[in-house]
Structures are given as structure tokens and as C-alpha cells.
Amino acid sequence: MIESWLFELLKGMGRLFIHPVFYVTMAVAVVLGYFRVKRERHDFHIRVEYGLTEFQKALKTLVLGLAISVLTLGVGIILPFGTIFLISIVTVVFTLLIKPRFLSTGYIFGFSLLLAVLLPKWTTGIASVDSLFSSIGETHLPSMAILMGMLMIVEGILVIKQASTQTSPQLEKSKRGLPVGSHVSQRVWVLPLFVLVPGDALQTSFEWWPVLQVGERSFSIWLVPFAMGFYSRLKASLPKETVPITGRQMTALGVLITSLAIAGVWWETAAILSAVLAVFGREFIQYRVRAHDEESQPIFVQRDKGLVILGVIPQSPAEKMNLQIGEIIVKVNGISVSTVEGFYEALQQNRAFCKLQVVDTNGEDRFAQCAIYEGDHHELGLLFVQYGKKWKRTEAV
């Protein structure tokens, strides 16, 4: 008994590495990193983060998925092969857009669940397609909706924990044609979860399990990769402040979706409503963030006094001085500065030591200082908004 379970778990893990969603999502992470580095070099003549940063972030959820699988197996979430195939197709289609925000669970699962309701009602006359539609028709909609809610909660937590760090600075034009800085947060993740698939590999003798579909007695175990994505571009607020708020809103929406999906166990229409709410709720959160940012005054602009820090290069003197994005440098070596040229001229007053007067994001003054050694970044590793850059507006992903 135990041997058969272990063997089936190993087989399920092997299926992860033949699943196209795993490789497609990893490829998207690499592509996002490539275009990010290309944009940063275009705007600032230097990359900020390593080109495979998005790829590395995507892989960090593999262990998390195995941990959450304890819950999916414990509850006994069953997805027919046709449903897994449907979710995979929707995911691949959305990844081809190379827009990480469309990889949000609310979009992928919301559309997939609605298609799971509609497709079984169609007949094409093609045996293989009709067989696939028939398999999709076996979907237990409340189980699928509950899985959607769980993944939305996890996605919100990932946004809170990861999406506000290692964001990418960007230059764009304001409506008046002046340079304005913004920060782009983009992430894709792959969350592999063990789910049950109808089959004959394993038999259960428990009357109460699987919990959501009592009566199912034989199944296989698959380790299925589920893609997640997030995108936000901010010019009127700091990523470390706004992105976690967005993540908490996504988590709250996931809790609401899960509650509605559980109600679907007794009233199946609630599961369908949860899919509609997932799509429109996720889009509403995205719209609110974008609308608020457009209506507010940008913070990464040139000022009469001081220079706003748009970016900090990792492992540079600026990072060693704990300079933060959004802080304002008002004096360099005792000299007031308001332009990038003035900043560098003041910096040259003492090539071995640097002392900065900084106004932090709370409006309080502080001093930052460090010795400058040979080999250190000659500009301290700071990025600012400045005139004279030959750049074009970069469209949002």
C-alpha cells in the first residue's frame, strides 16, 4: 500500500517535467528579464538587476508548492485530465502575450472554469476533441473553484513578500514631454501542486475521502504546475508602499472567492459566480491601482531642491550607505544640489570620501557617508531622472 503510494508520487513528480506550462512559464521569465535589462541599458546605460532575476524568483515557489500540496491532497481535489489540459491551454495562450499580469490566477482559472461550463455542451464531430470536452464535463466545479481561491490567496501572499523588491526603474515622458521616472514590478511564478486525476493507479478505502467528491475510489496523482503573474508600474508612489497593499487586496479577494466556492459544494451556481468574481475582481484591483497612480502627482521628477533617487545599483557604495528609492539627496559634501550635473561636481570635491544629506521617505533629515575606494562605482551607483537622455517612451508590459 505505502509502496504504491510512493511510486505514484514519484510518477506524479516526473509528470511535472513533461508539462508544457512549466517550460513556457520559465521561458517567459527569461524573456522578461532580457527585455528589462535591455530597457534599463537604454534608459540608464547600465542594468540594475541581474538578467535572470525573474527566472530565479519563478523557481523559488517550487518548494512552496510541495508544502501546499499537503492541503490539496488532504482535501482530495480532483481534476479530470481534460480540465488540466484546458487550464494549460489557457495558460499558454496568456503567456504568449508576454504580459505577466494576465498570468494572474483570477484570469487563468476564471476563464478556464467558465469554459469548463460551456465546452461540454458543444460537439465538433471530431472524436478526440469531443472526448476531451466530455472529460472537461466531468469537472467538479466547486473543487476547481476552491483550488482557484487557494491559489489566489497564495498569489497575493507572493506579491506581498516578493513583488515590492528588486523593482526596475524606468524613464518615460510626461504629458508635457518632460522625463518622469517610474518603477516596474513584474513577476511570474510556477507553483506545482499535487492533484488527483481520475484513473486506476490507486484505490481508496476511506468513506470520507476525497472530501469534496465522496464516491471517487480510484485515481492517479499528478504534480501539476500552475502559473502566476503580477505586473505594476508606479510613478506616483513607492513600490514598497503600494505593492504590498495590492497584495493584501488580492489575498482578501482570494479569501472571498474561496468562501463562495465552498458554498458551491451545496449550490453549484456559486462556483460559477466565483469565476466571474475572480476575473472582474482582479481587473478592478488592477484598474484602481492604475487610476490612482495616473491621478496623483509623480514623485520621480526633477525638483527645485534636491535629487530624488530613482534607482540604486546592487553592491554599490549607494547600497552600502543604505540609500533608498524615493529618498531625496539635498547636499553632497556640504554643497546643495538640484541637478545631476551638480551632484557629480560636488562628488568630485572629495574623491576619497562622500557625505550626503538625505531627506528620507518620512520627510526626516539624515546623513549618509562612506569612503570611496578604487574600483567602486564612480557615480556611487545612483540613478536619477535627468534631461538630455536620448530615450523613447517605453510602453507598459
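Remember, it's a predicted structure, so these values are computed and weren't measured experimentally. (Residues numbered from 1 in each chain as written. Predicted model: local features only at pLDDT ≥ 70, side-chain atom pairs only at ≥ 80, totals over all residues. Heavy atoms only, no water.)

Let's shift gears to the nonpolar core. F109, L147, L151 and F226 are the most contacted members of the largest nonpolar core, which has 69 residues in total. Of all the elements, helix 8 (residues 141-162) adds the most residues to this core, at 12 residues. Not counting residues within four places of it along the chain, the set of residues in contact with L151 comprises T105, F109, L191, L193, F226 and M228. Formed by 22 residues, the second largest nonpolar core is a distinct cluster that contains A318, A368, C370 and I372. (Core = buried A, V, L, I, M, F, W, Y, C linked by side-chain atoms within 4.5 Å. Buried < 20%, exposed > 50% of the residue type's maximum accessible area, 1.4 Å probe, protein only. Helix = DSSP H or I, 4+ residues; strand = E, 2+ residues; numbered from the N terminus. Contact = heavy atoms within 4.5 Å.)

What follows deals with empty space enclosed by the protein. Applying the stated rule across the entire model yields 2 cavities of 30 Å³ or more. There is about 40 Å³ of room inside the largest cavity. Lining the largest cavity we find H19, V21, I84, I87, S88, T91, V224, P225 and F226. Breaking the lining of the largest cavity down by element, the ones donating at least two residues are helix 5 (81-95) and strand 3 (218-234). (1 Å grid on protein atoms, 1.4 Å probe; cavity = no way out; pocket = protein on both sides within 12 Å on 5 of 7 lines; lining within 4 Å. Points joined across faces, edges and corners; volume = space filled by probe spheres on them.)

Given 3.6 residues per turn, any residue in an α-helix points the same way as the ones three and four places further on. For helix 8, with 22 residues, the first-to-last C-alpha span of 31 Å sits near the 32 Å given by 1.5 Å per residue. Taken across its 22 residues, helix 8 has 18 buried, putting it largely inside the fold. (Expected span 1.5 Å × (residues − 1).)

The subject of this paragraph is the environment of C370. For C370, the location among the structural elements is in strand 9 (residues 365-371). Each C-alpha atom of the pair C370 and K320 lies 8.0 Å from the other, and the pair is 50 residues apart in sequence. Not counting residues up to four positions away in its chain, the partners in contact with C370 are P317, M321, F353 and C354.

Geometry only, nothing functional implied.
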